[in-house]
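This is what each chain is made of:
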Amino acid sequence: MPDSQPQPPHSSSPASSGDPAALLLCGARLTDGRTVDVRLGGGRIEAVGTVGSLSAYATCVDLSGYLLLPAPAEPHAHGDTALSADADGPVSYDPQDVQRRATEAALLQLGHGATASRSHVRIGDVPGLGALAAVLQARRALRGLAELTAVAMPRVLTGAAGADGLAMLRDAVKMGASVVGGCPDRDPDPTGYVEAVLEVASEHGCPVDLHTDGDDPARLARLAAMAGGLRPGVTIGPCGGLGRLPAEVASRAADQLAAAGVTVACLPQGGCGGAERRATAPVRLLRAAGVRVAAGSGALRDVANPVGRGDPLEAAYLLASRHGLRPEEAYDAVSTSARAVLGLPEVRVEAGFPAELLAVRGDRLAGALSLAYSRIVVHRGRVVARTSAVREYCNTPAAAALDLPRQGRTELS
């Protein structure tokens with residue numbers, strides 16, 4: 001078992017001088033089976049070489065027994081309502097409460113490995129623009145630890161009530177929301193809602209990220225026709241309803257989304273406040289059609305999913321164990337594809353790529369997805385989070401015969 005031995009990584013500072021921000025990751029295993037040293041500097045990977053071949057600049061981190069991967073990203077979070085499931089009464093939208101929850105949620109996700117996340121934030125009604133301002137303040141507070149971007153989610157954009165929502169959406173973009181979105185299925189005129197969002201996105205050059213269950217093929221076809229060619233791109237999710245459609249209908253919808261370049265962000269761990277039902281999009285069908293599929297966590301311990309964990313590796317595990325993806329495909333959904341949704345550059349463990357990395361205890365990706373307890377997270381070339389798990393067994397003849405790690409303080413009979 002990858003986490004059976006209590007071997008937390010350690011750091012040392014050699015006598016050699018150089019760039020004080022440089023970091024040497026020693027003895028890491030890659031998914032191709034190689035064991036390497038990786039030198040980081042200036043927020044990027046400077047070199048990858050055989051063990052012992054790279055000079056240590058300032059700090060060495062021993063990654064013996066760890067698998068080194070591109071860091072995951074979180075493409076679909078709800079920081080304004082995260083960690084509110086245990087609250088008495090309605091969710092508090094007091095700015096201080098929202099900022100605290102959004103910050104804590106981002107740090108929890110960072111500890112799991114996500115160095116960047118996209119948070120959908122409601123605007124209008126009770127929160128007004130206060131929740132968005134609080135999430136943007138959390139983003140500033142997290143600078144250097146993790147990247148946090150906000151999606152503005154107005155409730156209604158059409159009819160008499162839509163004028164206020166549209167004005168507020170434009171104000172949200174001016175405040176710093178870098179993505180426009182919302183839930184068109186909940187508007188009296190879903191098509192009009194999408195048109196309004198795309199108009200604002202075109203005005204400001206923003207990406208679009210919309211909630212939809214995806215159970216109406218005609219509505220999906222209209223969305224794909226309107227979204228085609230929009231840059232920097234359109235993401236929809238969680239699209240669980242797409243899997244409830246007849247296979248031929250779902251396949252045709254997937255082809256339309258692929259032709260329009262629309263990305264689907266599925267939620268394998270559960271639903272979110274912007275989706276009516278809990279279900280995972282038909283990821284294999286979508287991938288076969290050429291749709292980029294990313295995987296997010298959705299609700300993090302709010303009323304939509306009181307036990308949500310916000311763990312991208314759990315999302316990948318579920319895609320592999322329940323939805324038939326290979327471990328490499330499943331991990332791509334929470335890393336490369338998720339980063340693409342966020343408009344971030346690709347990461348590979350090769351020289352020249354961004355130093356956004358996750359080390360997990362294990363030697364193969366399948367094992368890491370199964371038992372990824374101990375983790376080391378690297379953001380912009382420095383270690384920003386560590387989680388160390390130690391497994392021990394009581395003192396029994398069987399444990400002694402198998403040479404299992406013992407509990408150090410108290411013997412259990």
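Structure shown above.
Scoring rules and cut-offs
Residues numbered from 1 in each chain as written. Predicted model: local features only at pLDDT ≥ 70, side-chain atom pairs only at ≥ 80, totals over all residues. Heavy atoms only, no water. Helix = DSSP H or I, 4+ residues; strand = E, 2+ residues; numbered from the N terminus. Buried < 20%, exposed > 50% of the residue type's maximum accessible area, 1.4 Å probe, protein only. Contact = heavy atoms within 4.5 Å. 1 Å grid on protein atoms, 1.4 Å probe; cavity = no way out; pocket = protein on both sides within 12 Å on 5 of 7 lines; lining within 4 Å. Points joined across faces, edges and corners; volume = space filled by probe spheres on them. Nonpolar A, V, L, I, M, F, W, Y, C, P; charged D, E, K, R; others polar. Expected span 1.5 Å × (residues − 1). Salt bridge = Lys/Arg side-chain N within 4 Å of Asp/Glu carboxyl O. Pairing = 2+ DSSP bridges. Axes fitted to C-alpha atoms, helices over the stretch in contact; angles between N-to-C directions. Core = buried A, V, L, I, M, F, W, Y, C linked by side-chain atoms within 4.5 Å. Parallel < 35°, antiparallel > 145°, perpendicular 65-115°, else oblique. Left-handed = near helix turned anticlockwise from the far one by under 90°.

Q: Teacher, can you tell me more about the environment of alanine 146 here?
A: For alanine 146, the location among the structural elements is in the loop between α2 (130-141) and β9 (147-154). Take alanine 146: its relative accessible area is 7%, and that puts it in the buried class. Taking C-alpha positions, alanine 146 is 15 Å from glycine 310, a pair spaced 164 residues apart along the chain. Non-local contacts of alanine 146, meaning those with residues more than four positions away in its chain, are made with Leu110, Thr115 and His379.

Q: Honestly, unusual backbone geometry in this entry has me stumped. Any pointers?
A: The phi torsion of most residues other than glycine is negative, and most of the peptide bonds are trans. A cis amide bond links arginine 231 to the next residue, proline 232, at an omega of 15°. Its location among the elements puts proline 232 in the loop between α5 (217-227) and β12 (234-238). The omega angle of the peptide bond from glycine 237 to proline 238 is 0°, so this bond is cis rather than trans. Among the structural elements, proline 238 can be located in strand β12. Here the phi dihedral of arginine 301 falls at roughly 50°; this positive angle occurs in a residue that is not glycine. Mapped onto the secondary structure, arginine 301 falls in the loop between β14 (293-295) and α8 (312-323). Using a relative accessible area of 37% as the deciding quantity, one classes arginine 301 as partly exposed. Backbone geometry at arginine 380 places phi at a positive 55°, although glycine is not the residue there. Tracing the chain through its elements places arginine 380 in the loop between β16 (375-379) and β17 (382-387). A relative accessible area of 45% means that arginine 380 is categorised as partly exposed.

Q: So what exactly am I meant to see when it comes to the layout of surface pockets here?
A: Gaps between atoms show up when a probe of the same size as a water molecule is rolled over them. By volume, the largest pocket amounts to about 390 Å³. Residue lining of the largest pocket: 17 residues in total, with Thr31, Leu69, Pro70, Tyr331 and Val347 positioned closest to the centre. Every element with two or more residues in the lining of the largest pocket is listed here: β6 (66-70) and α9 (327-334). The residue makeup of the lining of the largest pocket, split by class, is 8 nonpolar, 3 polar and 6 charged.

Q: What exactly am I supposed to notice about α2 here?
A: Residue pairs three or four apart in sequence face the same way in an α-helix, which turns once every 3.6 residues. Between its terminal C-alpha atoms α2 stretches 17 Å, which fits the 16 Å expected from 12 residues at 1.5 Å a residue. Buried within α2 we find Ala131, Leu132, Ala134, Val135, Leu136 and Ala138. Packed against the buried residues of α2 are α1 (95-112), β8 (116-123), β9 and α3 (159-175).

Q: Quick question: what am I supposed to make of the pattern of salt bridges here?
A: The tally for this structure, following the rule as stated, stands at 18 salt bridges. The salt bridge involving glutamate 346 is made with arginine 348; its shortest N-O contact spans 3.0 Å. Here the salt bridges do not stand alone but share partners, grouping Arg287, Arg326, Glu328 and Glu329 into one network.

Q: Any chance you could explain the sheet that holds strand β11 (residues 208-212) here in plain terms?
A: Two pairing modes exist for strands in a sheet, parallel and antiparallel, and in both the strands are linked by backbone hydrogen bonds. Strand order across the open sheet formed by 8 strands is β7-β8-β9-β10-β11-β12-β13-β14, with parallel pairing between neighbours. If you trace the sheet from one side to the other, it starts and ends with β7 (74-77) and β14, each paired once. Going across the sheet, the axis of each strand differs from the next one's by a mean of 25°, ignoring polarity.

Q: It is not clear to me how the nonpolar core should be interpreted in this structure. Could you clarify?
A: Across soluble globular proteins, nonpolar side chains have a tendency to be buried as a group. Among the nonpolar cores identified, the biggest contains 80 residues, and Val208, Ile236 and Leu286 are the most heavily contacted of them. Among residues more than four places away in sequence, those in contact with valine 208 are Val179, Val180, Val197, Leu198, Ala201, Leu230, Gly233, Val234 and Thr235.

Q: Explain the packing of α8 against α9 to me, please; I cannot follow it from the model alone.
A: Packed helices, taken two at a time, are described by the angle their axes make and the gap between the axes. Contact pair α8 / α9: the axes reach a minimum separation of 8 Å and the direction vectors enclose 140°. It follows from the interaxial angle that α8 and α9 lie oblique. Remark: the crossing between α8 and α9 carries right-handed chirality. For the pair α8 and α9, the contacting residues are Pro312, Leu313, Ala315, Ala316, Leu319 and Ala320 in the first and Ala330, Tyr331, Ala333 and Val334 in the second. Of the residues belonging to the contact of α8 with α9, the class tally is 10 nonpolar, no polar and no charged.

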